[in-house]
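# Geometric and topological summary
Given next are the chains, with one letter for each unit.
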Amino acid sequence: MFPLLNVLELLSFQTCIHSCLKYLEAVPWVLSRPSNIEALAQIMEVVLKTDGNEGRRKGRSSVLKLLREYNSLLTDVKSAKRCNKIIFSSCESCLKLLPELFKTAENCNLKDYYSSVDEQISLKADNLSWLLDILIDRRAVEEFALMWANQQKLANLHSKTETPSRHLVSCITTRLIVGAGNGEILLAKDTRQLLLQTWFQPLVDDFPRLRELSSFDPRVVEENVERAILDLTPENQRSLLLAWYECFLKNGNKCPDLRKAFQGWCRRTFSKTPPHLSLPL
């Protein structure tokens, strides 16, 4: 079955790939657990490489069904951890390519090639968002969050490269921040702090584009970003809020609305908000 999947992947024959996945859904998973995990890993690899929207959607649906069925067979923590490791490994593979894609886009002069690179950035970011949702559902997101928070190189490249799909990378950051803010995700304090230090400026830069996404709720994101900032040390609050204030003076309402957090910091720092720093709410 898996050599066939590899051939179909190379041929971009998405309908046949979907047929194979549907067949695997229908077959009872009575193999040994190592075989189940290996099968899941190879199926997920094919789905992540599928670049057609319809084929990717169907493949993802099949993977989620297989995960649910496989979870019903798990009887020990070790097997669950192995399954999570497979998913995390897929995250690492997607993330490994993003810095190179941004670097290529930064130095790219050919319009057609630039468009192709941007499509790959969009695909990798979309795949990471999907894998992140799976890890959140499995309550196994801490390792991913720490990995994402440590992507200083990618965050720097992101700020230098204004590709059309750049904002999709910030969707990963907002998902983590909102999830941590509403209690869906439990992150260590150091991880939350590093996440903001690394990805706050890219998020601010991308906010106008993020507003255009139908799935994006700016008010929810703004509230959770403010909450996350106010959980930081006073020094880190100052650094992020002054960076936001500089952006706000330049771009006004194109920035996320963090005025409450900023004025709260001003009151704590100066006893009351100085008139020249007061912002109408």
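Parameters and conventions
- Residues numbered from 1 in each chain as written.
- Predicted model: local features only at pLDDT ≥ 70, side-chain atom pairs only at ≥ 80, totals over all residues.
- Heavy atoms only, no water.
- UniProt positions renumbered as here; feature names shortened; annotations may be inferred.
- Helix = DSSP H or I, 4+ residues; strand = E, 2+ residues; numbered from the N terminus.
- Buried < 20%, exposed > 50% of the residue type's maximum accessible area, 1.4 Å probe, protein only.
- Areas by Shrake-Rupley, 256 points an atom, 1.4 Å probe, with all protein chains shown as cover.
- Polar contact = N/O pair within 3.5 Å; in protein donor to acceptor, adjacent residues only side chain to side chain.
- Contact = heavy atoms within 4.5 Å.
- Salt bridge = Lys/Arg side-chain N within 4 Å of Asp/Glu carboxyl O.

The protein is annotated in an unreviewed UniProt entry as At3g05675-like ankyrin-like domain-containing protein from Papaver nudicaule. The Function (unreviewed entry) comment attached to the protein in UniProt states, word for word, "May act as a substrate-specific adapter of an E3 ubiquitin-protein ligase complex (CUL3-RBX1-BTB) which mediates the ubiquitination and subsequent proteasomal degradation of target proteins." Entered under Pathway (unreviewed entry) in the UniProt record, the comment concerning the protein runs "Protein modification; protein ubiquitination."

Attention shifts here to the overall build of the protein. When its secondary structure is counted, the protein shows 13 helices and zero strands. Across the protein, helices and strands are ordered from the amino to the carboxyl terminus as α-α-α-α-α-α-α-α-α-α-α-α-α. Burial statistics for the protein: of 281 residues in total, 47% are counted as buried. Put simply, the protein shows about 14,700 Å² of open surface, and 53% of that area lies on carbon and sulfur atoms.

Attention now goes to the side chain of Thr161. Counting through the fold element by element, Thr161 comes out in the loop between helix 8 (152-160) and helix 9 (167-181). Only 3.0 Å separates the side chain of Thr161 from the backbone oxygen of Leu157, close enough to count as a polar contact. When near neighbours in sequence (up to four residues on either side) are disregarded, Thr161 contacts Phe102, Ala105, Glu106 and Arg166.

This part covers the pattern of salt bridges. Counting across every chain of the model gives 16 salt bridges. Glu54 is the salt-bridge partner of Arg57, the closest N and O atoms lying 2.6 Å from each other. Of this pair, Arg57 and Glu54 both sit in helix 4 (residues 53-73), three residues apart, roughly one helical turn. We classify Glu54 as partly exposed; its relative accessible area is 40%. Note that Glu184 and Arg175 form a salt bridge whose closest N and O atoms lie 3.1 Å from each other.

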